[in-house]
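Summary of the model geometry
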Amino acid sequence: MKVAILKETGPGERRVAVTPDSVKQLKAAGVEILVEAGAGAGAYHSDAAYEAAGAVIESDTATLWKVADVVLKLQPPLAGGPGGKHEAECPREGAVFVSFLKPNAALDVVRTFAARRISSFSMDLVPRTTRAQRMDALSSMATADGYKAVLLAALTAPRFFPMLVTAAGTIAPARVLVIGAGVAGLQAIASARRIGAVVEGYDIRPAVKEEVESLGATFVGPKLSAEETQDAQGYAKALSEEARAKAQELLRARIPHADVIITTARVPGLKAPRLISAEDVSKMKPGSVIVDLAADQGGNCELTEMGRDVVAHGVTILGPVQLAATVPVHASQMYSRNITALFLLMVKNGALNLDFNDDIIRDTCVTHDGQVMHAPTRERLEGGQPAAAGAAGSRP
Ligand code: NAD
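The model shown is predicted, which means the values in this text are computed figures rather than measured ones.

Cut-offs applied
Residues numbered from 1 in each chain as written. Predicted model: local features only at pLDDT ≥ 70, side-chain atom pairs only at ≥ 80, totals over all residues. Heavy atoms only, no water. Buried < 20%, exposed > 50% of the residue type's maximum accessible area, 1.4 Å probe, protein only. Helix = DSSP H or I, 4+ residues; strand = E, 2+ residues; numbered from the N terminus. Arc of directions from axis to C-beta. Contact = heavy atoms within 4.5 Å. Salt bridge = Lys/Arg side-chain N within 4 Å of Asp/Glu carboxyl O. Pairing = 2+ DSSP bridges. Axes fitted to C-alpha atoms, helices over the stretch in contact; angles between N-to-C directions. Parallel < 35°, antiparallel > 145°, perpendicular 65-115°, else oblique. Nonpolar A, V, L, I, M, F, W, Y, C, P; charged D, E, K, R; others polar. Polar contact = N/O pair within 3.5 Å; in protein donor to acceptor, adjacent residues only side chain to side chain. Core = buried A, V, L, I, M, F, W, Y, C linked by side-chain atoms within 4.5 Å. Phe/Tyr/Trp six-rings, centres within 6.5 Å; stacked < 30°, edge-to-face > 60°. 1 Å grid on protein atoms, 1.4 Å probe; cavity = no way out; pocket = protein on both sides within 12 Å on 5 of 7 lines; lining within 4 Å. Points joined across faces, edges and corners; volume = space filled by probe spheres on them. Left-handed = near helix turned anticlockwise from the far one by under 90°.

Here the focus is helix H1 (residues 20–28). Among the residues of H1, those classed as buried are Pro20, Ser22, Val23 and Leu26. Projected onto a plane normal to the axis of H1, the buried residues spread over an arc of 150° and lie on a single side. Opposite the buried face of H1, by more than 90 degrees, sit the exposed residues Asp21 and Ala28. In this fold, the buried residues of H1 make contact with strand E2 (32–36), helix H2 (47–52), strand E4 (70–72) and helix H11 (328–344). Among the residues trailing H1, Gly30 stands out with phi positive, at a value near 90°.

Counted according to the given criterion, the structure contains 20 salt bridges. Taking the shortest distance from any N to any O, the salt bridge between Glu87 and Lys73 comes out at 3.4 Å. One end of the pair, Glu87, is in the loop between E4 and strand E5 (96–99); the other, Lys73, is in the loop between E4 and E5, with 14 residues separating them in the sequence. Of the two residues, Glu87 and Lys73, neither departs from the other in class, the shared state being buried. Among the salt bridges present, the one from Arg308 reaches Glu305, with a minimum N-O distance of 2.9 Å.

Residues Val315 and Ile317 of strand E15 (residues 315–318) are buried on one face, and the alternating residues Thr316 and Leu318, pointing to the opposite face, are buried as well. Where strand E14 (residues 309–312) hands over to E15, the hairpin turn is made up of two residues, of which His313 adopts a positive phi near 55°.

Take the packing of helix H4 (residues 107–115) against helix H13 (residues 375–382) next. Packing of H4 against H13 leaves a shortest axis separation of 11 Å and a crossing angle of 95°. It follows from the interaxial angle that H4 and H13 lie roughly perpendicular. When H4 is examined against H13, the residues Leu107, Val110 and Arg111 are found in contact with a partner set consisting of Thr377, Arg380 and Leu381. In terms of residue class, the contact of H4 with H13 is built from three nonpolar, one polar and two charged.

So, on to the side chain of Ser119. Along the chain, Ser119 falls in strand E6 (residues 119–122). On the basis of relative accessible area, Ser119 is assigned to the buried category, the value being 6%. Within the local environment of Ser119, its side chain forms a polar contact with the side chain of His368, the two groups lying 2.8 Å apart. The residues contacting Ser119, other than those within four sequence positions of it, are Ala95, Val96, Phe97, Leu354, Thr367 and His368.

Bringing the side chain of Ser140 into the picture now. Structurally, the position occupied by Ser140 is in helix H5 (residues 137–156). Setting aside residues up to four positions removed in sequence, Ser140 forms contacts with Met334 and Asn338.

Core analysis: the largest hydrophobic core is formed by 41 residues, its most contacted members being Ile33, Leu72, Val98 and Tyr335. Secondary structure elements with two or more residues in this core: strand E1 (2–5), H1, E2, E4, E5, H5, H11 and helix H12 (359–364). For this core, the leading source of residues is H11, giving six residues. Residues in contact with Ile33, not counting those within four places in the same chain, are Val3, Ile5, Val23, Leu26, Lys27, Ala55 and Val56. Membership of the second largest hydrophobic core comes to 28 residues, among which are Ala174, Val199, Val289 and Leu293.

Bringing the packing of aromatic side chains into the picture now. Per the counting criterion, the structure on display carries three aromatic pairs. Following the ring pairs from residue to residue traces out a cluster consisting of Trp65, Phe97 and Phe113.

Across the five residues that make up strand E9 (residues 175–179), a large majority, four, are buried. Taken together, the four bridges between E9 and strand E12 (residues 260–263) define a ladder with parallel strand orientation. Residue pairing in the sheet places Val178 in a bridge with Ile262 of E12.

Evaluation of the coordinates by the stated rule reveals one cavity of 30 Å³ or more. In this structure, the largest cavity occupies an estimated 60 Å³ of space. Lining the largest cavity, in full, are Arg175, Val176, Leu177, Val198, Val199, Glu200, Arg254, His257 and Ala258. Elements represented by at least two residues in the lining of the largest cavity include exactly E9 and strand E10 (198–202).

The eight strands lie next to each other as E3-E2-E1-E4-E5-E6-E18-E19, forming an open sheet whose pairing is mixed. Each end of this open sheet is capped by a strand with a single partner; those strands are strand E3 (56–58) and strand E19 (371–372). Bridge count between E1 and E2: four bridges; the pairing is parallel. Residue pairing in the sheet places Ala4 in a bridge with Leu34 of E2. Set on the sheet, H4 makes contact with E5, E6, strand E18 (365–368) and E19; between it and E18 the angle comes to about 40°.

Moving on, we get to the packing of H5 against helix H6 (residues 183–194). Between two packed helices, the angle of one axis relative to the other and the distance separating the axes together describe the packing. In the contact formed by H5 and H6, the axes pass within 7 Å of each other and the chain directions differ by 35°. Like other packed secondary-structure pairs, H5 and H6 cross with a definite hand, here right-handed. Contact residues: H5 offers Ser139, Ala142, Thr143, Gly146, Tyr147 and Val150, while H6 offers Val183, Ala184, Gln187, Ala188, Ser191 and Ala192. Across the contact of H5 with H6, the residue classes tally to seven nonpolar, five polar and no charged.

Here it is as structure tokens:
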């Protein structure tokens, strides 16, 4: 079985799906690994390191797509494949393709894959279960995002983060408000605490209070019940109008106290909730900074512009996308471990063994044998609905 690792494309992308360490693991499972020349360069893995791990380097991208039984990738198929083809049309018929696929937002790719009988699996569909934790690439990338957001904020803010006692007097620590205490938010809280800020963590889910406090931050959140705020998988639900107003009032009171706000609030499959209005921004101190990690899903702040830095009322609002790509060494290491663990579930004695009784294989599968296996995407395609709002709104 030939497994291809391609050079990732797309603006600012420096990660690689599989690192040399994982190549060794895959070789031990009896598969052949072909790596596109230069695929690891952005994450500082040379072709020689891949060769030393047992991979064969191939410089012709079209050849790789043609011979691969399996393609392991990070980015979903993008335009601009070899010969000007869309990458969705590049795997050979019947091949296996694994990457972040964001199927709800990429219906054309799903249609093409089904028509070409590609068995495709999406890293953003890995179930949030204990057994699947090793494969949870969403959490890996959210960890990198949360960490890097704090560093961006610290570099942009015109002030120190820690309290300093100096001969020139005492400097008060920065006050950081983290909105949304999921994986990215909790990492942002931990990182901001490590560089000495005083941190508040806000979320609508009461379940996160303990986690926020265990990281040394103060929890601020509306008094809402778990039933009102989260679904059976632990994800946030869209709030009722009454609950939303209650939550908004509490948040609005905290915003003017913050020197830095990092927002990470998302509701799977929907546009990001709008939590900071232009008026809220006008009440912040000039020199304050907002880093909006939900920029790719419409933003938590009304003034956020995806991929751009905006200054309004003296407040700098950053809307970075794919922040994890700016930490390519560790983001690649984590993703590589995640995708390797998932792929190894599909291999037995060096051959492909897709066991659809396994919940992880079943839940991550998007297309197989000409069928769309992921029910929410299938319903969308059958109902003729447009792709979900927001490139990342892909969870069921
Ligand atoms: P996410 O990216 O979907 O959302 C980020 C955060 O935004 C969440 O904490 C959510 O509650 C919050 N949010 C949504 N709407 C909000 C609003 N209006 N105001 C304030 N906050 C709002 O979440 P995620 O980081 O992917 O994690 C979601 C859940 O999954 C969490 O319960 C997390 O602990 C859990 N999880 C479990 C596992 C596992 O068991 N293996 C792994 C990862 C995450």
